[in-house]
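# Commentary on secondary and tertiary structure
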Amino acid sequence: MHDVVIAGAGSAGCVLAARLSEDPRLRVLLIEAGDSDRYPWIHIPIGYLYCIGNPRTDWMYKTAPDPGLHGRQLIYPRGRVLGGCSSINGMLYLRGQAADYDGWRQMGCTGWGWDDVKPLFLKSEDYFEGPSEHHGAGGPWRIERQRLRWDILDDWAKAANEVGIPATDDFNTGDNEGVGYFKVSQKSGFRVSAARAFLRPAMRRPNLTVLTGRHVRRVVFEGTRAVGLELYADGRAEVVRGGQIVLSAGAINTPQILQLSGIGPGALLQEMGIPVLRDAPVGENLQDHLQLRCSWKVSEARTLNQLARRWWGKGMIGAEYLLRRTGPMSMAPSQLGAFARSSPDVATPDLEWHVQPLSLEAFGQPLHDFAAITASVCHLRPESRGHVRIGSPDPMRPPVISPHYLSTPGDRLTAARAIRLTRRIMAQQPLAKYRPEEFKPGPEYQSDEELAHAAGVVGSTIFHPVGTARMGADEGAVVDPRLRVRGVEGLRVVDASIMPVITSGNTNAPTIMIAEKAAVMMAEEMRGI
Ligand SMILES: Cc1cc2nc3c(=O)[nH]c(=O)nc-3n(C[C@H](O)[C@H](O)[C@H](O)COP(=O)(O)OP(=O)(O)OC[C@H]3O[C@@H](n4cnc5c(N)ncnc54)[C@H](O)[C@@H]3O)c2cc1C
């Protein structure tokens, strides 16, 4: 029997398994539905294009038709492989803002304020410039500068300066206001996933077992104590038992497993014929960042659209990567970033831009055949709340994902302001030489109401679902601040699901921090501290 059994070897699961197995007395079992990460497109940065929408690496989910997006369904990639989403994501390294974590603490999540969690961010890190007040070095997770720049992005940054967004070289000090190139989780031109950074070195330890290709169907209980997991592989079910059970299956699959195990909204479980062990709002409180993809045609500019469509362009890109590990093949999907406020009433930046020297009709479609730039903007602290609910008692059926984007007047107003501010940046003198012409959403949208409508037309996920097993000190929370599922024993959730409120930035580094903190708390408990 294992001391700890973890479901899901994604960003959080890899970190937790690696940290817990540092203690040779602990026997740790990590279970993953997907396959090994020995797949070249995971490691070559541009390979995310081939990992998303590929059943080898992606759960291939879709959202339910979303009223805020005028009934559109979105493809909703989730990593299904060792490393989880960290094996297919955009590699951008962003911790969020100090105010996010201070907000969690204020909500009753003792131990989760910025001063509490900052040392854990530093502990994971191997920052390319070495240790400093804000960065760690010598940790497993390598963070580097990107290995390319684009003239048009440099000019976009200058245009942002013109509207009062200051230049910054570091979005990770707790205050991310500014414009600059993102840092990435890469080493020498290759992706550094949680599997590569944390899990692979730990897999040499005799006290860590990693099983791939095993689908966790539900938690097994004796009374109200979790004692194991029911797995399914190759047409047969088996039960693995453990002293402590941890769900790290991510913000979509963790609530699914909990609901299938009888922990979830009572009415939903009854409708599905599942005996209710605990009536809890599991799967509710889904939060995500909606990116509004605004694009401009440009003249006399080098963009990826022209380069990547021509055979000689592709050849040059391939040769550059082979020889120097630089250029577009080393590229994160977004290179330049900016954080700013949508209005003077907002205390800290509530907008983030991902700026790309390319354009496409919709995510997953080919690049346009004209020169263009995309300045995708998202509202970092949306009020809209969606849900994840099982649609069937069959564990092999995907859950229903309903993000409910743009479902509050406040979110629609912020979307309108976000598009307006993006247009203001594009109208500044440093970009004038490119003669930008807006084609998405299009100049026909002008009033707040029209722009909010346009947001529903061009909006798409930026892949940050969180919050579906909310942490809190109140009775309505799914897990307590030590991440123990309330109302049962021996069961924890450690992944992006526990965030009470989404962070003001991308969610991978915060998830890795959550796993670092869980490992410290679990080790303390097991040592009887
Ligand atoms: C396309 C994409 C781009 C992104 N870009 C960025 C970015 O650039 N920067 C950033 O900070 N964030 C980014 N994110 C978000 C970030 O990667 C996630 O927030 C983070 O990885 C979530 O980690 P997690 O551990 O909660 O879940 P995951 O990493 O999803 O891990 C869950 C794991 O559990 C496994 N699993 C699920 N169900 C079962 C089951 N029933 N049985 C067994 N195993 C199961 C999954 O296969 C997976 O390996 C991106 C995400 C995506 C999808």
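Source: prediction; values computed, not measured.

### Considering the overall build of the chain
Along the chain, the regular secondary structure elements total 14 helices and 25 strands. By the compact-globule yardstick of 24 Å for 529 residues, the chain fits well, its C-alpha radius of gyration being 22 Å. C-alpha extents for the chain along the principal axes are approximately 70 × 50 × 45 Å. Sorting the 529 residues of the chain into buried and exposed places 63% on the buried side. In the chain, the share of contacts with a sequence separation of at least 24, taken over all contacts with a separation of at least 6, comes to 69%. By element, 52% of the accessible surface of the chain is carried by carbon and sulfur atoms, the whole surface being about 19,600 Å². Side-chain charges in the chain split into 60 positive and 57 negative, and the spacing between the mean points of these groups amounts to 5 Å.

### Some details on the UniProt feature "domain: Glucose-methanol-choline oxidoreductase N-terminal" (unreviewed entry) in the chain
Mapped onto this numbering, the UniProt entry annotates "domain: Glucose-methanol-choline oxidoreductase N-terminal" (unreviewed entry) at residues 250-264. Along residues 250-264, the helical share is 73% and the strand share 13%, with 16 Å between the first and last C-alpha atoms.

### Structural notes on the domain arrangement of the chain
Partitioning the chain into domains gives domain 1 (1-66 + 73-92 + 192-288 + 386-400 + 465-529) and domain 2 (147-181 + 290-379 + 404-464). Centre-to-centre separation of domain 1 and domain 2, based on C-alpha positions: 32 Å. Facing the 25 residues of domain 1 at the interface are 22 residues of domain 2. Together domain 1 and domain 2 conceal approximately 1,900 Å² of surface at their shared face, both sides included; 60% is due to carbon and sulfur atoms. The interface formed by domain 1 and domain 2 contains zero salt bridges. Where domain 1 meets domain 2, there are nine residue pairs in polar contact (both at pLDDT 80 or more).

Basis of the calculations
Residues numbered from 1 in each chain as written. Predicted model: local features only at pLDDT ≥ 70, side-chain atom pairs only at ≥ 80, totals over all residues. Heavy atoms only, no water. Helix = DSSP H or I, 4+ residues; strand = E, 2+ residues; numbered from the N terminus. Rg over C-alpha atoms; globule rule 2.2 N^0.38 Å. Buried < 20%, exposed > 50% of the residue type's maximum accessible area, 1.4 Å probe, protein only. Contact = heavy atoms within 4.5 Å. Areas by Shrake-Rupley, 256 points an atom, 1.4 Å probe, with all protein chains shown as cover. Lys, Arg positive; Asp, Glu negative; His and termini not counted. Charge placed at Lys NZ, Arg CZ, Asp CG, Glu CD. UniProt positions renumbered as here; feature names shortened; annotations may be inferred. Domains from an automatic or database assignment. Buried area = accessible area lost by both parts, 1.4 Å probe. Salt bridge = Lys/Arg side-chain N within 4 Å of Asp/Glu carboxyl O. Polar contact = N/O pair within 3.5 Å; in protein donor to acceptor, adjacent residues only side chain to side chain.

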